[in-house]
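What follows is the residue order along each chain.
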Amino acid sequence: MRWVTLYARSRQVPAAIIALLTATAGMWFLARDSWSPLPVMLTLTAAIAVAAIGLSGQDPDLDRTAAIPWPLRRFAHLALIGVAAGGAVLAVQELGPNIVDLSIITRDAAGLLGLAGLAATIVGGQFGWTLPLLWAAIAPFVPHDGSTTSHIAAWLLQPSGTPAATWTALTLTVTGAATYTARGGRR
């Protein structure tokens, strides 16, 4: 399993795991008594953002010319970031009195992961954090007027079962995962 070790080191996985766990624990500690969809969104954004920095290696040209197939490894890396971030949020929320629905955590983690994949493909893996952070920064300030546009713009904060939020997250997930898996990080 030497390639797994080399891949993990080239993608800064050990540092990303430590940063993901630290960000999740820190955010939960700050919001433990008022745990709700907003702190969950911020925690997932922080966890995915710190892990998404490693979505490209040190040398993108080397990644593109390697003899081993990268698409499966790219997809696995992206999926593991989402599972780790979602799992960490689920674990810490069990420590407090308030629980956010699993469907909201899953939807938000998947959509943010798709945004990270898109950002890595468009501007490079070291900037995989940009789109998730940008959307999370805008979502709390979207007016809640009940329109489909507001549901799409603030999909991260919508309640479970909101069709516009679910479809937005699903679209972002599929688009981001497909483009990152096929193309990888930008040069």
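Predicted model only: the values in this text are computed from it and were never measured.

Enquirer: If you had to explain the overall build of the protein to someone new, which residues and values would you point to?
Expert: When helices and strands are tallied, the protein shows nine helices and zero strands. Written out in order from the N terminus, the α and β elements of the protein read α-α-α-α-α-α-α-α-α. When the 187 residues of the protein are sorted by exposure, 45% land in the buried category. For the protein, restricting intrachain contacts to residue pairs at least 6 apart in sequence, the fraction spanning at least 24 positions comes to 74%.

Enquirer: With reference to specific residues and values, describe the pattern of salt bridges.
Expert: Tallied over the full model, the rule gives one salt bridge. Across the pair Asp108 and Arg107 runs a salt bridge whose closest N-O atoms are separated by 3.1 Å. No difference in accessibility class separates Asp108 from Arg107, as the two residues are buried.

Enquirer: Pulling in residues and values, what's your account of the packing of helix α3 (residues 37-52) against helix α5 (residues 70-93)?
Expert: Remark: α3 packs on α5, axes separated minimally by 9 Å, with the N-to-C direction vectors making an angle of 145°. Crossing angle aside, the handedness with which α3 passes α5 is right-handed. Contact residues: Val40, Thr43, Leu44, Ala47, Ile48, Ala51 and Ala52 in α3; Ile81, Ala85, Gly86 and Val89 in α5. Looking at side-chain class alone, the contact of α3 with α5 contains nine nonpolar, two polar and no charged residues.

Enquirer: Can you tell me about a nonpolar patch on the surface, naming the residues and giving the values?
Expert: Taken together, Ile53, Ile122, Val123, Phe127, Trp129 and Leu133 make up a surface patch of nonpolar side chains, about 500 Å² in accessible area. Along the chain, Ile53 falls in the loop between α3 and α4 (60-65).

Enquirer: Can you explain the environment of Ala169? Please cite residues and give values.
Expert: Mapped onto the fold, Ala169 is located in helix α9 (residues 163-183). In this structure, the C-alpha to C-alpha distance between Ala169 and Arg107, residues 62 residues apart in sequence, is 6.1 Å. In contact with Ala169, not counting residues within four places along its chain, are Arg107, Gly111 and Trp155.

Enquirer: So what's going on with the environment of Val13? Which residues, and what values?
Expert: Relative to the helices and strands, Val13 is located in helix α2 (residues 13-31). Residue classification places Val13 among the partly exposed residues on the basis of a relative accessible area of 23%. Separated by 40 residues in the primary sequence, Val13 and Ile53 have C-alpha atoms spaced 9.4 Å apart.

Enquirer: Before we move on, could you go through α2 and cite the residues and values that matter?
Expert: Over its 19 residues, α2 runs 27 Å from end to end, which matches the ideal 27 Å to within 8%, given 1.5 Å per residue. Packed against the buried residues of α2 are α3 and α5.

Calculation criteria
- Residues numbered from 1 in each chain as written.
- Predicted model: local features only at pLDDT ≥ 70, side-chain atom pairs only at ≥ 80, totals over all residues.
- Heavy atoms only, no water.
- Helix = DSSP H or I, 4+ residues; strand = E, 2+ residues; numbered from the N terminus.
- Buried < 20%, exposed > 50% of the residue type's maximum accessible area, 1.4 Å probe, protein only.
- Contact = heavy atoms within 4.5 Å.
- Salt bridge = Lys/Arg side-chain N within 4 Å of Asp/Glu carboxyl O.
- Axes fitted to C-alpha atoms, helices over the stretch in contact; angles between N-to-C directions.
- Left-handed = near helix turned anticlockwise from the far one by under 90°.
- Nonpolar A, V, L, I, M, F, W, Y, C, P; charged D, E, K, R; others polar.
- Patch = residues over 30% accessible without salt bridge, like charges linked within 9 Å, V, L, I, M, F, W, Y side chains within 5 Å.
- Areas by Shrake-Rupley, 256 points an atom, 1.4 Å probe, with all protein chains shown as cover.
- Expected span 1.5 Å × (residues − 1).

What is shown is where atoms sit, not what they do.
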